[in-house]
Amino acid sequence: MSKTVFVTGGAGYVGSHCCKAFAEAGWKVVVFDNLSRGWRDMVRWGDLIEGDILDLGALKAAMARVKPDAVAHFAAFAYVGESVDDPAIYYRNNSVGTLNILDAMRANNVQNIVFSSTCATYGVPVRTPIDEQHPQSPINPYGWSKFIVEKMLADYSVAYGLRYAALRYFNAAGADPDGTIGERHEPETHVIPLAIRGALKNDYIFTIFGNDFDTRDGTGLRDYIHVADLADAHCRALEYLLNGGASDVFNLGTGNGTTVEEIAAAVEYVSGKPLPRKIGPRRAGDPPALVASAEKAERILGWKPQHSDIKNIIASAWRWHAQER
């Protein structure tokens, strides 16, 4: 029997990679996206309904037409610095927008949702690696906007029977292994694409934001997870819910951290080109280190990263950005 997934934000970076994985796993994919931060040419594995998650009527009508078995929700703003400068748009889009999705699901008797959450809900870690029981204390509006959604999911699960899997990503990175799609943001603020830009363009100097963090070389340390591994986790989470799995949260990471300076060195290694760089001030809302424990996702979802060696991540991203140049 065919299964249909309604994908909000499916024209974006992670959403588009997940759409490809969903389609390859046998799902009928329908994307709902306003294209404000996504790309029409990234929608290749299903129909596109242009709409805004802040438009509850449009959401209800779209779900009534599609009749999905599940929702995969990626439609969010995700720039930490922007969230500090303009928190209103983060609470409106990320939190209120998700409330609309949940109410549209209720109106159409859709019971299952996989939610794109974030390690930013943890804030500054008190221990690493971070497991799902780690205290949640966000330090920026982006993290708070996602934390609020997790609370909504838990309350809707108890009150209305909603079943959810909240997937707390660490740092999504890389590009589809076959080069069909990759990471594209406007503006681009993510470390690996910016480092690759520095190796590709003679007139661009890569900036490392802070070299006085409490890490092994003073630069920020993150757990980078290949986007193809994230897509696999979302497929597993959908099947988990459709097979009766209980509502739960899962960290998605590798358990290994890479510093920004190590990213720069890996870009030089993969590209064979020098990467000019300079040190800039810390960005507001940046914790020093975030590294996941993904034991729970492996135990319950059967998920384990297969593509997330940092050189493999950067090699896939390099191929994508070099052809996009």
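This text goes with the structure placed above it.
Parameters and conventions
All residue numbers here refer to positions counted from 1 along the written sequence of the relevant chain. A pLDDT threshold of at least 70 governs which residues receive local features in this predicted model, and a stricter bar of 80 or more applies before side-chain atom pairs are shown or counted, although totals over entire chains, interfaces and linings include all residues. Values shown for side chains rest on all heavy atoms present in the structure; no hydrogens or waters enter the calculation. Runs of H or I in DSSP of at least four residues are treated as helices and runs of E of at least two as strands, each being numbered from the N terminus. Every helix has an expected span of 1.5 Å times one less than the residues it contains. When a residue's accessible area, from a 1.4 Å probe over protein chains only, is under 20% of the maximum for its type it is buried; when over 50% it is exposed; and in between it is partly exposed. In this description, contact between two residues means that some pair of their heavy atoms is separated by no more than 4.5 Å. Axes, fitted as lines to C-alpha atoms, cover a helix only where it is in contact. Angles between the N-to-C directions of the axes lie from 0 to 180 degrees. Oblique is the label for every angle not falling under 35 degrees (roughly parallel), over 145 degrees (roughly antiparallel), or within 65 to 115 degrees (roughly perpendicular). A clockwise turn of the near helix away from the far one marks a right-handed crossing, whereas an anticlockwise turn of less than a right angle marks a left-handed crossing. As a working rule, the residues Ala, Val, Leu, Ile, Met, Phe, Trp, Tyr, Cys and Pro are called nonpolar, Asp, Glu, Lys and Arg charged, and the rest polar, with Gly in that last group. Side-chain rings of Phe, Tyr and Trp, where Trp is taken by its six-membered ring, are said to pair if the distance between their centres is within 6.5 Å; with planes under 30 degrees apart they count as stacked, over 60 as edge-to-face, and otherwise as tilted. Identification of polar contacts relies on pairs of N or O atoms within 3.5 Å, with a donor-acceptor requirement for protein atoms, meaning one able to donate a hydrogen and the other able to accept it, and with residues adjacent in sequence counted only if both atoms are side-chain atoms. DSSP bridges decide pairing: two strands pair if at least two such bridges lie between them. Whenever Lys or Arg places a side-chain nitrogen within 4 Å of a carboxyl oxygen from Asp or Glu, that contact is recorded as a salt bridge.

Engineer: Pulling in residues and values, what's your account of helix α1 (residues 13–24)?
Structural biologist: Here α1 contains 12 residues, and its C-alpha end-to-end distance of 17 Å stays within 8% of the 16 Å for a straight helix at 1.5 Å per residue. Among the 12 residues of α1, 10 are classified as buried, and the element is accordingly described as predominantly covered. Residues Y13, V14, G15, S16, H17, C18, C19, K20, A21 and F22 constitute the buried set of α1. In this structure, the buried side of α1 is in contact with β1 (3–8), β2 (27–33), β4 (70–73), β6 (163–169), β7 (171–173) and α7 (227–242). Directly after α1, the chain includes G26, whose backbone phi takes a positive value near 100°.

Engineer: Tell me about the packing of helix α6 (residues 191–200) against helix α8 (residues 260–271), and please be specific about residues and values.
Structural biologist: The angle between the axes and the distance between the axes are what describe a pair of packed helices. At a minimum axis separation of 10 Å, α6 and α8 run at an interaxial angle of 45°. Regarding the angle of α6 to α8, the classification is oblique. The handedness of the crossing between α6 and α8 is right-handed. Of the residues in α8, those in contact with V191, I192, A195, I196 and A199 of α6 are V260, I263, V267 and S271. Of the residues contributing to the contact of α6 with α8, the split by class is eight nonpolar, one polar and no charged.

Engineer: Before we move on, could you go through the packing of aromatic side chains and cite the residues and values that matter?
Structural biologist: In total, this model carries seven aromatic pairs according to the counting rule given. Here the aromatic rings of W144 and F147 are separated by 5.3 Å at their centres, their planes lie at 80°, and the arrangement is edge-to-face. Of this pair, W144 and F147 both sit in helix α5 (residues 141–160), three residues apart, roughly one helical turn. When the centroid spacing of 5.9 Å and the interplanar angle of 90° are considered together, the rings of Y240 and F250 count as edge-to-face.

Engineer: Mind laying out the side chain of S83, listing which residues take part and the relevant values?
Structural biologist: Tracing the backbone shows S83 in helix α3 (residues 80–85). A polar contact is formed between the side chain of S83 and the backbone nitrogen of Y142, at a distance of 3.1 Å. Dropping the residues within four chain positions of it, S83 is found in contact with Y90, N140, P141 and Y142.

Engineer: I'd love a proper account of unusual backbone geometry, names of residues and values included.
Structural biologist: Of note, the bond from T128 into P129 is cis; its omega dihedral lies within 30 degrees of zero at -5°. Inspection of the secondary structure assignment puts P129 in the loop between β5 (112–118) and α5. Even without a glycine there, the phi angle at L35 is positive, about 65°. Within the secondary structure, L35 is located in the loop between β2 and β3 (47–50). Relative accessible area serves as the criterion here: at 18%, L35 is assigned to the buried category. Not every positive phi belongs to a glycine, and N109 is a case in point at roughly 55°. Residue position: N109 is located in the loop between α4 (87–107) and β5.

Engineer: An account of the sheet that holds β5 is needed here, citing residue identities and associated values.
Structural biologist: Read from one edge to the other, the open sheet built from seven strands follows the order β3-β2-β1-β4-β5-β6-β11, with strand pairing classed as parallel. The open sheet terminates on both sides in strands that have one partner only, identified here as β3 and β11 (248–252). Pairwise comparison of adjacent strand axes, ignoring direction, gives a mean angle of 20° for this sheet. Here β6 runs beside β11; their pairing, made up of five bridges, is parallel. Directly across from L167, in β11, lies its bridge partner F250. In the packing of α1 onto the sheet, contacts are made with β1, β2, β4 and β6, and the angle to β2 comes to roughly 160°.

Engineer: Account for the pattern of salt bridges, with residues named and values stated.
Structural biologist: According to the stated counting rule, one finds 16 salt bridges in the structure shown. Salt-bridge contacts for R168 lead to E150; the nearest nitrogen and oxygen are separated by 2.6 Å. Of the two residues, R168 sits in strand β6 while E150 sits in helix α5, which places them 18 residues apart along the sequence. Judged by its relative accessible area of 3%, R168 falls in the buried class. On the basis of relative accessible area, E150 is assigned to the buried category, the value being 8%. Taken together, the salt bridges that share partners define one network made up of K20, D176 and D178.

Engineer: I'd like to hear about the environment of T219, residue by residue, with values.
Structural biologist: Here T219 is to be found in the loop between β8 (206–209) and β9 (221–222). Judged by its relative accessible area of 3%, T219 is buried. In sequence terms T219 and I208 are 11 residues apart; their C-alpha atoms lie 7.4 Å from each other. At a separation of 2.6 Å, a polar atom in the side chain of T219 contacts the side chain of D217.

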